[in-house]
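Fold and geometry: a report
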Amino acid sequence: MASDISFDKKTNKILSMDHSVDTPADFTSPEVLYAELMDKIKKYHPASDFSDIEKAYKIAYDAHKNQKRKSGEPYIIHPLCVAIILAELELDKESIIGGLLHDVVEDTVMTTEDVTREFGEEVAILVDGVTKLTQLNYEHDKIEIQAENLRKMFLAMAKDIRVILIKLADRLHNMRTMQYQSPAKQIEKSRETMEIYAPIAHRLGISKIKIELDDLSMKYLMPDVYNDLVEQVSKERPGREAFVESIMKEVKMHIDNDDIDATITGRVKHYFSIYRKMVNQNKTLDQIYDIFAVRIIVNDVKDCYAALGVIHEMYKPIPGRFKDYIAMPKVNMYQSLHTTLIASNGQPFEVQIRTYEMHKIAEYGIAAHWKYKEGQTGSVSEETKLTWLRQMLEWQTEMSDNKEFLSSIKNDLNLFSDNIYCFTPSGDVKTLPAGSCPVDFAYSIHSAVGNKMVGARVNGKLVNIDYKLKSGDRVEVLTSQNAKGPSRDWLALVKSTQARNKINQWFKKELKDDNIIRGKELVAAYAKAHNMVLSDLTKTEYVEKALRKYGFRDWDSMMASVGHGGLKEGQVVNKLAEEHEKKKKTEITDSDVLSNVSKVSETKTEKGSKKSSGIVVKGIHDVAVHFSKCCNPVPGDEIIGFVTRGRGITIHRTDCFNVINFPATERERLIEAEWEDDTIGGDTYSAEINVYANNRNGLMVDISKAFTEANIAIRVMNCRVNKKDVATINLVFDIHGKEELSRFVEKLRNIAGVSDIERTSG
């Protein structure tokens, strides 16, 4: 660069900067962004000394000065933009400094000890926490890795919740600049954002960040749907905005006449929220009433209900469309009155009424606790806001099974679930997923109440245990000290993650020893039935790899899971056998391999040979190679060869069901194979997938359209529908490689109604 920052070490003040060389003309310079950051901080923070922030900027600037982002801009732009997002949340100085320094330990020579020495332990904890989260790798096909990553995330959040606030700001800026990443990286990061970060922002109540993360993720995961929605909303925007403007003027006049001090604004629903409502309620855009809504913000709760009375007198409310989230807040502490009304022209519209404090909580959520304030943090205590995080930490200490932990987290983060609100006999409100039964209610009170439950009264009447609760129900749980504990049948009834976890936990704890014994017996029986010597397979190195694969901390935990049916004994034994065979193969010489295939070495090369297939088989030349029909490997898949007598070598995917279940006597015929470097993008290969979707009119048309748009020819298409109206569509088609297949599968996932897609594997 032309010159570094001029910095006065005595006063910690920045004297001058020169960015003329480093910053491309089409990017905002670091100097301008830094000035913007300081302007934002000074608007809400009355401190006169910002030397630590200036010092943090100087250190970050120097540390990153030789680094560029993929966009070509200086790397310092990124931490500056992260700090600006944190300033927009009006966070404290420590959070701002953490945002400026969040990448220095990860990407530069600076250490956590350096940060501690310069800024103290509090800032160092924030930087170290964000650094560890940055190192997480969310691989969607490796459950145990993703679960362990989430465990680390919640531990970091528990240590200081500001860690996740900085990480959310970091992710938001990365999503804003995602256009500079490759298409594959755009999809990977957007899915991770939609599955993990946007839901966490939602559960922490930070709508300012959650809304933008949702929309940006949708833009890359569902570009066709997103662009179509943007176009439709834009077409209708002028008319709807004019309509809302007229409503706002009418409401303002009547509110003023009743001497209610209020601010009246308009609110535009964000794109992902519109899309979600269209899908969940099977509606078209013109049937969504609250795309544009009127928001009334008043001083106190009394004025909220007074304003509600005014607008209900002005307009006719639609029955069943009134929601009181003030009396019964959402789980993320959101509070507001929502009502849908009919205007004089017959047009429905929504009105939201809340106090200024409620509006801050709705916008900033948990971040409001760290907003700089002279006085108290508000009526909603930190303890209440952190209830959800405490529950996550409780789950992670209770669950040794990573698959179960991950499922619990994702279910709890699910943005598509609706809630109901029920009352205890003393009037306390319990928030439960729609469709919950009295068992869910019992476990929401305490695990001891659920474990001792023998019945329930709803609104004073005895009900069956499978009774579906409704909002407003008053529930009394009947317990007995003689109760033997929960029933396994309850698992099919409950809707809440908390209840399901507590029931499973009870069975595991009560029956753990029995399950361990049963698990060991099942594993031994399976090995014996398949002529495997279990003592050869249970060496420490093999067991450790099986534990990592299935996400358990020790052998007994895995055996307990086998015992209660959470894991199949065949999965465990086959993984051990696979590791055993890998070890043996490293000890086999090339001459041993050649002797196994001497009968086929002179076989005429057919389609699928090395030359035409792009396959390299270790130690063998000029041998017939063909692809298995059971798993249809394509370039990019991990593969393995199987020596077939008289037919050459058959190539399978390493995760092929048939390969995993080869008996020990056959596994000696497995041989290492790999794709040639120039294979991908050349010839086409047959791929087979199963698509699972809710059956509907036009489903097959949409799937066929996706193939046409991707210029992929369908070879086979079979469809069957079960009694629950779930369609299973088997598709065989030609593809160039795994990367193209992954992109196309993502496109299919975006089709309305598609719930899952899997490749066939034997």
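Along each chain, numbering runs from 1 in the same order as the chain's sequence is written. Thresholds applied to this predicted model are a pLDDT of at least 70 for local features of residues and 80 or more for the giving and counting of side-chain atom pairs; totals over whole chains, interfaces and linings are not thresholded and use all residues. Only hydrogens and water are set aside; all other atoms, that is, all heavy atoms of the structure, feed into the side-chain values.

Time to look at the overall build of the protein chain. The helix and strand inventory of the protein chain stands at 31 helices and 21 strands. A 1.4 Å probe rolled over the protein chains alone gives each residue an accessible area, and that area as a share of the maximum for its type sets the label: buried under 20%, exposed over 50%, partly exposed in between. In the protein chain, buried positions account for 48% of the 762 residues. Contacts: residue pairs with any heavy atoms within 4.5 Å of one another. Of the contacts made within the protein chain by residues no fewer than 6 positions apart, 66% connect residues no fewer than 24 positions apart. Helix and strand labels come from DSSP, where a helix needs a run of H or I of at least four residues and a strand needs a run of E of at least two; each type is numbered from the N terminus.

Overall, mixed pairing links the five strands, which are arranged β3-β4-β7-β6-β5 in an open sheet. Pairing within the sheet leaves two strands with one partner each, and these edge strands are β3 (262-268) and β5 (316-324). Strand-to-strand twist across the sheet, computed as the mean angle between neighbouring axes with direction ignored, equals 20°. Pairing between strands requires that DSSP locate at least two bridges from one strand to the other. Alignment of β5 against strand β6 (residues 337-342), held across five bridges, turns out to be antiparallel. Between N-to-C directions, angles span 0 to 180 degrees; the directions come from axes that are lines fitted to C-alpha atoms, helices contributing only their stretch in contact.

What follows concerns the side chain of Thr728. By the secondary structure assignment, Thr728 is in strand β20 (residues 726-735). Accessibility expressed as a relative area gives 12% for Thr728, which makes it buried. Setting aside its immediate chain neighbours within four residues, Thr728 contacts Val691, Tyr692, Asn718, Cys719 and Arg720.

Take the sheet that holds strand β11 (residues 461-463) next. Read across the open sheet, the three strands follow the order β11-β10-β12; overall the sheet is antiparallel. Looking at strand neighbours, the two that pair on one side only are β11 and β12 (475-479), the edges of this open sheet. Across the sheet, the mean angle from the axis of one strand to that of its neighbour is 35°, orientation sign disregarded. Strand direction decides the pairing type here: strand β10 (residues 453-458) and β12, joined by five bridges, are antiparallel. The residue bridging Met453 from the neighbouring strand is Thr479, located in β12.

Side chains that are nonpolar tend, in soluble globular proteins, to be buried together. Counting residues in hydrophobic clusters, the biggest one holds 62 residues, and the most contacted among them are Leu37, Ile41, Ile96, Leu101, Val115 and Ile209. Take the buried residues of types Ala, Val, Leu, Ile, Met, Phe, Trp, Tyr and Cys, join any two whose side-chain atoms come within 4.5 Å, and each joined set is a nonpolar core. Counting residues in each nonpolar core, the second largest holds 42 residues, with Met194, Leu308, Leu337 and Ala343 among its members.

With respect to the element layout, His64 can be found in the loop between α2 (51-63) and α3 (77-88). Classification of His64 as buried rests on a relative accessible area of 1%. Separated by 10 residues in sequence, His64 and Pro74 place their C-alpha atoms 8.0 Å apart. In contact with His64, other than residues within four places in its own chain, are Tyr75, Ile76, Pro79, Asp103, Val104, Asp107 and Thr108.

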